[in-house]
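# Reading the structure
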Amino acid sequence: MTKYIQYVVRNKEPLRIADDSTSQSGQTVTLRYIPGTTIRGYVVNQLAQEKDFEQIKAKLFSDDIKYLNAYLCIKRGTQIRALMPSPKGFYEDKTEAIGKKELQNVVITGSDMKIKIDKKGTADQSVFRNEYIEKDHYFIGYIAIKNDGSEESKKMQELVIRIKDLFSEELILGNARSSGFGKCQVISCKLVNEIPYEEYIPYRDQSNECY
């Protein structure tokens, strides 16, 4: 059985998490979600300041704790609705049509242009562009913790509470944290028994392929 820490955050500042697979010279592309590795980095950096970090480090990086990606969600009052990333068909008609919903990029509409200043005094002043997720978006994410009833799982519960307590008020994520980027407000954090995506998980082996 798996338990989950469910957290909801709102980016109070623009959020920049570089997508190394698509970024190129002169342009940094940002991801459309908060990857689990970013959340793991935040958790590890916070707990690294504790005296017993060497004792808990192995558990933090073990398969017993998995940091899932945090995706966009909609907040209406106290209700949170998770949004699954939508696959876009290669042959899909992406033009606007009457009666059909317009395809929208609801996250990234922001970018900035900067001039590279070489402190060594050379004439290199290349222009480069950085993308970012504009502020005031909500994201919901999960941290999965193995709980099979064993003694080791019971010992893990104390660490689970410590991780949960890290999501109390604010956290700073992503790149350019010292330049007014990445500050996120924690809206909620709680322990749950399941994730909402489970209804989309195939209940039998699929014979076809999806790209």
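Residues V43, L60, I143, I163 and F167 are the most contacted members of the largest nonpolar core, which totals 34 residues. Of all elements in the fold, only strand 1 (2–11), helix 1 (36–47), helix 2 (53–60), strand 3 (65–67), strand 8 (138–146), helix 3 (151–165) and strand 10 (183–192) reach the threshold of two or more residues within this core. In terms of residues, this core owes the most to one element, helix 1, which gives 5 residues. Those residues in contact with F167 that sit more than four places away from it in its chain are Y7, I39, Y42, V43, I143, V186 and C189. Judged by nonpolar contacts, the second largest core, of 8 residues, contains Y4, V8, Y142 and I195.

Most of the time, phi is negative for any residue but glycine, and the peptide bond is trans. For D136, which is not a glycine, the phi torsion comes out positive at approximately 70°. Taking relative accessible area as the criterion, D136 reaches 43% and is therefore assigned partly exposed.

Right, let's talk about the side chain of R10 for a bit. Examined against the element boundaries, R10 turns out to sit in strand 1. The exposure class of R10 is buried, given its relative accessible area of 17%.

It is worth spelling out the pairing of strand 1 at this point. The buried fraction of strand 1 amounts to 8 of the 10 residues, a majority that puts the element mostly inside the structure. Summarising the sheet, strand 1 and strand 8 pair through 9 bridges and their orientation is antiparallel. Opposite Q6, over in strand 8, you have Y142 as the bridge partner. Direction of pairing for strand 1 relative to strand 10: antiparallel, over a ladder of 8 bridges. By the bridge assignment, N11 is partnered in strand 10 with C184.

This part covers the packing of aromatic side chains. Given two aromatic rings, their pairing is described by the distance between the two centres and the angle made by the two planes. According to the stated counting rule, one finds 5 aromatic pairs in the structure shown. Measuring from ring centre to ring centre gives 5.8 Å for Y42 and F167, while their planes differ by 65°; the resulting arrangement is edge-to-face. Of the two residues, Y42 sits in helix 1 while F167 sits in the loop between helix 3 and strand 9 (170–172), which places them 125 residues apart along the sequence. Just as Y42 is buried, F167 falls in that class too. Between Y132 and F181 the ring centres are 5.7 Å apart and the planes differ by 70°, which places this aromatic pair in the edge-to-face class. Placement of the pair is Y132 in strand 7 (residues 127–132) and F181 in the loop between strand 9 and strand 10, with a sequence separation of 49 residues.

Procedures and definitions
Residues numbered from 1 in each chain as written. Predicted model: local features only at pLDDT ≥ 70, side-chain atom pairs only at ≥ 80, totals over all residues. Heavy atoms only, no water. Core = buried A, V, L, I, M, F, W, Y, C linked by side-chain atoms within 4.5 Å. Buried < 20%, exposed > 50% of the residue type's maximum accessible area, 1.4 Å probe, protein only. Helix = DSSP H or I, 4+ residues; strand = E, 2+ residues; numbered from the N terminus. Contact = heavy atoms within 4.5 Å. Pairing = 2+ DSSP bridges. Phe/Tyr/Trp six-rings, centres within 6.5 Å; stacked < 30°, edge-to-face > 60°.

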